[in-house]
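A closer look at the structure
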Amino acid sequence: MIHELRIYHCVPGRLPDLLRRFETMTLGLWEKHGIQQAGFWTVAIGDSNQDLYYLLAWQSLAEREQKWNAFQADPEWIAKRAETEKNGAIVASITNLMLQPTGFSAVK
């Protein structure tokens, strides 16, 4: 199992818009494409309260490539994303890390 950690650094003031997009649009499209989320977090105490952290679970990098590319190319996603950004960008930048568990990790 591979986990992908994605951190979305929002344009100031746009985190509520990003959260709404995930809850009302993105998660349904992920389900359609078989993308499995392992959790979402915002920052309560830390460097920035304008960031969204989330984990995706993949069986392999090949599965990730196939499913993520299909999601990114989905015309419904492209249209809905454009609609949510009609007043400007929501995300300023994205940090993306592919994680693999250590031998002693509780998560395998």
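This text gives an overview of the structure that appears in the document.

Scoring rules and cut-offs
Residues numbered from 1 in each chain as written. Predicted model: local features only at pLDDT ≥ 70, side-chain atom pairs only at ≥ 80, totals over all residues. Heavy atoms only, no water. Helix = DSSP H or I, 4+ residues; strand = E, 2+ residues; numbered from the N terminus. Rg over C-alpha atoms; globule rule 2.2 N^0.38 Å. Buried < 20%, exposed > 50% of the residue type's maximum accessible area, 1.4 Å probe, protein only. Contact = heavy atoms within 4.5 Å. Areas by Shrake-Rupley, 256 points an atom, 1.4 Å probe, with all protein chains shown as cover. Lys, Arg positive; Asp, Glu negative; His and termini not counted. Charge placed at Lys NZ, Arg CZ, Asp CG, Glu CD. 1 Å grid on protein atoms, 1.4 Å probe; cavity = no way out; pocket = protein on both sides within 12 Å on 5 of 7 lines; lining within 4 Å. Points joined across faces, edges and corners; volume = space filled by probe spheres on them. Nonpolar A, V, L, I, M, F, W, Y, C, P; charged D, E, K, R; others polar. Axes fitted to C-alpha atoms, helices over the stretch in contact; angles between N-to-C directions. Parallel < 35°, antiparallel > 145°, perpendicular 65-115°, else oblique. Left-handed = near helix turned anticlockwise from the far one by under 90°. Phe/Tyr/Trp six-rings, centres within 6.5 Å; stacked < 30°, edge-to-face > 60°.

1. Thoughts on the overall build of the protein chain
Across its full length, the protein chain carries 3 helices and 4 strands. In sequence order, the protein chain lays out its α and β elements as β-α-β-β-α-α-β. The C-alpha atoms of the protein chain give 15 Å as radius of gyration, which agrees with the globular expectation for 108 residues (13 Å, within 12%). Out of the 108 residues belonging to the protein chain, those deemed buried represent 34%. Sequence separation of 24 or more characterises 74% of the internal contacts of the protein chain that already satisfy a separation of 6 or more. Roughly 6,600 Å² of accessible area belongs to the protein chain as shown, and the carbon and sulfur atoms make up 55% of that amount. Counting 11 positive and 12 negative side-chain charges, the protein chain places the averaged centre of each group 1 Å from the other.

2. Some remarks on the layout of surface pockets
What the largest pocket holds in volume is close to 190 Å³. As for the largest pocket, its lining consists of 16 residues, and the residues nearest its centre are Tyr 8, Arg 21, Trp 77, Arg 81 and Ile 94. For the lining of the largest pocket, the secondary-structure elements that each account for two or more residues are strand 1 (2-10), helix 1 (15-33), helix 2 (61-73), helix 3 (75-84) and strand 4 (91-99). Per element, the largest residue contribution to the lining of the largest pocket is 4 residues, and it comes from helix 1. In the lining of the largest pocket, the residues fall into 10 nonpolar, 2 polar and 4 charged.

3. Here's the deal with the packing of helix 2 against helix 3
Put simply, helix 2 and helix 3 touch, their axes get as near as 5 Å, and they point 55 degrees apart. In terms of orientation, helix 2 lies oblique with respect to helix 3. For the pair helix 2 and helix 3, contact is made by Phe 71, Gln 72 and Ala 73 and by Pro 75, Trp 77 and Ile 78, respectively.

4. Some thoughts on the packing of helix 1 against helix 2
In the contact formed by helix 1 and helix 2, the axes pass within 10 Å of each other and the chain directions differ by 130 degrees. In terms of axis orientation, helix 1 runs oblique to helix 2. In the crossing of helix 1 with helix 2, the sense of the turn from one axis to the other is right-handed. Contacts between helix 1 and helix 2 involve Thr 26, Leu 29, Trp 30 and His 33 from the first element and Lys 67, Trp 68, Ala 70 and Phe 71 from the second.

5. Notes on the packing of aromatic side chains
Applying the stated rule across the entire model yields 12 aromatic pairs. A centroid spacing of 5.2 Å and a plane angle of 65 degrees characterise the contact between Phe 22 and Tyr 54, whose relative ring orientation is edge-to-face. Pair noted here: Phe 22 is in helix 1 and Tyr 54 is in strand 3 (residues 51-58), with a separation of 32 residues, a long-range link. Through successive ring pairs, a cluster of aromatic residues spans Tyr 8, Phe 22, Trp 30, Phe 40, Tyr 54, Trp 68, Phe 71 and Trp 77.

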